[in-house]
Amino acid sequence: MFKTLLEKELKSILLSPKFAAVFAVCSILIILSIYVGIDEYRTAVDHYDAVNSQLDAQKREETNWGALRENIVRRPDPMEIFVAGINNDIGRQCPIHENIVIKLYGSRYSDQLLFSVFRSMDLMFIVQIVLSLFAILFTYDAVCGEREAGTLKLNFSNSVPRTSYILAKIAGSWLGLVIPLLIPILLGIALVLIYRIPVASEGWWQLFLLIGISILYFSFFVCLGVFLSSVTRTPSASFLYLLVIWICFVLVIPRAGVMAAGQFINVQPAAEIISKLTEKRRQTSEKLNEWYTVNSKKRDAEIEALDPEVREKKGTEIHDQFYKDFMEEDTKYTLEVDNYYTSLIEDWRNRKGELEKLGFMLSRLSPASAYQLAAMNIAGTGLSLKSDYEDQLHDYKAIYSRFCAQKNEESRKKRNTAASNKPEPIDISELPVFEFNKPGLTVIIQSSALDAGILIFFIFISIAGAFISFNRYDVR
């Protein structure tokens, strides 16, 4: 009986004008979004290569390790094609120097304001907004529409189990939406292969997880539509209630949750952190200058008191020792500033983490918010992208600073012993290379498990509601 009901439901859906319209719109939107994503990714790669080439040319002309300025450019990720997330909002470059705060600068939207007006329409957006609306369009009259047309009473004039009937409604509507989703996505994947986008094996697993979480999301709206259709008596009432619920889930609750969290937890602005750090640097700089002034006078007096016959040799030793002590003092003050900055950032991030945790917890009352958070986590373009990048850049800064200090000392000694003091260009191939370590697949699955569980919970509640309400439904 269930097979017969499912075949009837599928035939009704596949032959309807709604299916043709939904399939056409989904195909155009999904393929177009992936094509635009590929184009934007290739543009980002060209920008990455051009900026790195320019920076390498500048570094090759430098002759002093101490004056070298490193600038890390963020490498584009192929998963940005499918879920842009915060990728275009955060910076693409970060200068590395002991006196510069680690911070990504130059976002795509700040450089190209036109894109900030017309934001990216990626796969996540299409599923979250468009496909959920189509799910409502498919199911708002699944039960009450047949009742109004008189076919529901006719169906149950035979011995049709209500459980099988409502299950066939859900399964038929679900399959009717899976086809418009999967076929365009497969064509989009073909575009990725044709344009030879370098997607790693882990990236394909991320894409499969993204498709899976997307199917879970629109499955909820399919079940919700059948549920509301089996509660109401007319299609117009069902559609109105579903539209109100959709607006609350997609537009109201996610933003209300974040706003409510901001009322409970106060996070100081980033500008205040930079201001405190600048003041700390000013104080340590004054201490270092004071140390230099006092000890340079002692050094000069000590050299002046030497016997003229040993002054040149002994004076060089005294000067070298002074320079060594100065570098140790400078390192001590630099470490003091770094520790102060680390404590400021740690406290700021803890407060910010509490705000995000509370805001996300409240916004997860909406399945749309749970889906969005899961999709961005899976694609690696969520809120953690910026903090992970800056944390790893901070660790790289310590390695880079030690390396440059060591090379600067070696160059100084070489200049003192060399016959010619003519400076030579530095060898940039010796510089430590920064590589961003993305979260592994296990971490991605763990971070998305809660949101997937929330979606499954909403689906279960909707299915249970549909079964319970339809068992009590008056088919007349």
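Keep in mind that this is a model prediction, so the values were computed, not measured. (Residues numbered from 1 in each chain as written. Predicted model: local features only at pLDDT ≥ 70, side-chain atom pairs only at ≥ 80, totals over all residues. Heavy atoms only, no water.)

## Topic: helix H10 (residues 235-264)
Short version of the rule: Numbering goes from the N terminus for both helices and strands, where a helix is a DSSP run of H or I of at least four residues and a strand is a run of E of at least two. An expected span of 1.5 Å times one less than the residue number is assigned to each helix. One fitted axis covers the seven residues ending at a residue, a second covers the seven starting there, and the bend at that residue is the angle between these axes. Throughout this description, buried means an accessible area under 20% of the type-specific maximum (1.4 Å probe, protein chains only), exposed means over 50%, and partly exposed covers the range between.
In this model H10 runs 42 Å from its N-terminal to its C-terminal C-alpha over 30 residues, within 8% of the 44 Å that 1.5 Å per residue would give. Considering bend angle alone, the principal kink of H10 is centred on Val252 and spans about 45°; proline Pro254 follows within four residues of it. Within H10 the residues assigned to the buried category are Pro235, Ser238, Leu242, Trp246, Phe249, Val250, Pro254, Gly257 and Ala261.

## Let's talk about the nonpolar core
Under the convention used in this document: Here the nonpolar core consists of buried residues drawn from Ala, Val, Leu, Ile, Met, Phe, Trp, Tyr and Cys, with membership extended through side-chain atoms lying within 4.5 Å. Note on definitions: a residue-residue contact is assigned when non-hydrogen atoms from the two residues lie within 4.5 Å.
Phe82, Leu177, Leu210 and Phe221 are the most contacted members of the largest nonpolar core, which totals 81 residues. Elements supplying a minimum of two residues to this core: helix H1 (2-14), helix H2 (17-60), helix H5 (123-139), helix H8 (162-194), helix H9 (201-229), H10, helix H13 (367-379) and helix H15 (441-471). Leave out the neighbours within four places in its chain, and Phe221 touches Ser132, Ala135, Ile136, Thr139, Trp246 and Val250. Counting residues in each nonpolar core, the second largest holds 29 residues, with Cys94, Leu277, Tyr389 and Phe403 among its members.

## Structural notes on the pattern of salt bridges
Rule in force here: By definition, a salt bridge exists where a carboxyl oxygen of Asp or Glu is found within 4 Å of a side-chain nitrogen of Lys or Arg.
Per the counting criterion, the structure on display carries 14 salt bridges. Here Glu9 ties to Lys169 by a salt bridge, and the two come within 3.1 Å at their closest N and O atoms. Separated by 160 residues along the polypeptide, Glu9 in helix H1 and Lys169 in helix H8 bring together distant segments of the chain. Its salt-bridge partner being Lys280, residue Glu336 comes within 3.0 Å of it at the nearest N-O pair. Taken as a pair, Glu336 in helix H12 (residues 308-363) and Lys280 in helix H11 (residues 270-304) lie far apart in primary sequence, 56 residues in all. Judged by relative accessible area, Glu336 falls into the partly exposed class, the value being 26%. On the accessibility criterion, Lys280 (17% relative accessible area) is buried. Each of the salt bridges in this network shares a partner with another, and the network as a whole consists of Lys8, Glu9, Glu146 and Lys169.

Geometric values such as these leave the question of function open.
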